[in-house]
Each structure stands twice: as C-alpha cells, then as structure tokens.
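Read off the chains here:
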Amino acid sequence: MKQVKTFEDVVSAWSRISVHPHRFGGKEFQFGDAEVGHVHTNGIVDIPFPRSVRDALLAEGLAEEHRWVPNSGWITFQMRSEKDLSHALWLMRLSYLRYALKTSSDPQKLFEQESEELRLSPRFRLLLEPFVPKTPKPVSAEPVPA
C-alpha cells in the first residue's frame, strides 16, 4: 500500500522521531520514550491523545474510536487514498506537537507556527494550549522540529 510507505517516510523524517517495529505489525513512531502513534501494514493508523482531544476528534468526525480500547484516548483512522494519507499525517502531527512543544526553545512560537500550518480550529487550539510550557527550555544545538 503506497500510502503506508509514504506515511512512514514522512513521519520518520520529523525531528526526534525514532521508528520501531510495532508489536501487532507495522511501525511505531516514538518521540523519546513516548509513542506518538503507529501504522499497521493495512493502512490503519492508531494514535494516542489526551481524552479531551480524542473526544473532540470523534465529535467532529475526524477519527474513529480505537476498536480494542474504545474507552481510552486512542483513536483509529484508516488510510485508503491520497486524501486519507494527508488526514492521517495531520492526526499524527497533532500528536507529535504535544511532545515537540515540551522540548522547544520557543514553545509559543512553535505552537503558533504549527497551529497555522495544521489550520487548527479555535477548538483544537484551545485543547492543545495547555501543552505549551510556560517557561521555555534552554536553547539547544538541536534544530526546531520541522
């Protein structure tokens, strides 16, 4: 499935992302020790979110409940087309953003840039704002996540 390969290539290129075999098949993407999400070989993408974000994604029809852990923060999305690939990448980037903000030297600037790039609605901006650290991390030699 072409979309799965493209998805893997794009996500694995993001700063600080490491790729690992997923225990149920496919690839798992981690930011440090935290799982950002994973993709199965059949195009199913599973992503963990805080419950509030997960509930908003479900309410707006942007994702489905995870079939094995429906009462959790996990969501599922099935890639079947190029349009689905774009949406799956949007969902994964939303998950990634929570972790990237924690390590950014200028988290507020990163939040503004990513909010614009992802075209976040006011609802999702409000839900993700608590993940913007109030005190930025000291400047490091590592580039800001792309």
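See the structure printed just above.
Residues numbered from 1 in each chain as written. Predicted model: local features only at pLDDT ≥ 70, side-chain atom pairs only at ≥ 80, totals over all residues. Heavy atoms only, no water.

**A short note on the environment of K109**
Among the structural elements, K109 can be located in helix α4 (residues 107-117). For the pair K109 and V132, spaced 23 residues apart in the sequence, the C-alpha separation amounts to 9.7 Å. (Helix = DSSP H or I, 4+ residues; strand = E, 2+ residues; numbered from the N terminus.)

**Some details on the pairing of strand β6 (residues 74-78)**
Burial within β6 is extensive, with four of its five residues counted as buried. Here strand β4 (residues 44-48) runs beside β6; their pairing, made up of five bridges, is antiparallel. Note that in β6 the partner of P48 across the bridge is W74. Pairing of strand β5 (residues 64-65) with β6, which is carried by two bridges, proceeds in the antiparallel orientation. Each residue of the ladder has a partner; that of E65, found in β6, is I75. (Buried < 20%, exposed > 50% of the residue type's maximum accessible area, 1.4 Å probe, protein only. Pairing = 2+ DSSP bridges.)

**Overview of the side chain of Q30**
Examined against the element boundaries, Q30 turns out to sit in strand β2 (residues 27-31). Here E28 takes part through its side chain, which lies 2.8 Å from a polar atom of the side chain of Q30. Not counting residues up to four positions away in its chain, the partners in contact with Q30 are R16, I17, S18, H20, E35 and V36. (Polar contact = N/O pair within 3.5 Å; in protein donor to acceptor, adjacent residues only side chain to side chain. Contact = heavy atoms within 4.5 Å.)

**Concerning the packing of aromatic side chains**
For the structure shown, the criterion picks out five aromatic pairs. For the pair W14 and Y96, a centre-to-centre distance of 5.1 Å together with 50 degrees between the ring planes defines the contact as tilted. Of this pair, W14 sits in the loop between α1 (2-12) and β1 (17-21) while Y96 sits in helix α3 (residues 82-103); the two residues are 82 residues apart in sequence, bridging distant segments of the chain. Considering the side-chain rings of F31 and Y96, the 5.6 Å spacing of their centres and the 65 degrees angle between planes classify their relative orientation as edge-to-face. Of the two residues, F31 sits in strand β2 while Y96 sits in helix α3, which places them 65 residues apart along the sequence. Exposure remark for Y96: the relative accessible area of 1% places this residue in the buried category. (Phe/Tyr/Trp six-rings, centres within 6.5 Å; stacked < 30°, edge-to-face > 60°.)

**Quick word on the packing of α3 against α4**
At a closest axis distance of 10 Å, the pairing of α3 and α4 adopts a crossing angle of 165 degrees. Looking at the two axes, α3 sits roughly antiparallel to α4. For α3 against α4, the interelement crossing comes out right-handed. Side by side, α3 and α4 meet where R93, L97, A100 and L101 of the first sit next to P107, L110, F111 and E114 of the second. The residue inventory of the contact of α3 with α4, partitioned by class, reads six nonpolar, no polar and two charged. (Axes fitted to C-alpha atoms, helices over the stretch in contact; angles between N-to-C directions. Parallel < 35°, antiparallel > 145°, perpendicular 65-115°, else oblique. Left-handed = near helix turned anticlockwise from the far one by under 90°. Nonpolar A, V, L, I, M, F, W, Y, C, P; charged D, E, K, R; others polar.)

**A short note on the nonpolar core**
Core analysis: the biggest nonpolar cluster contains 38 residues, and F7, L57, M79, M92 and L94 have the highest contact counts within it. Of all the elements, α3 adds the most residues to this core, at 12 residues. Those residues within four positions of L94 in sequence are excluded, and the remaining contacts are F49, V53, L57, L118, L120, F124 and L128. (Core = buried A, V, L, I, M, F, W, Y, C linked by side-chain atoms within 4.5 Å.)

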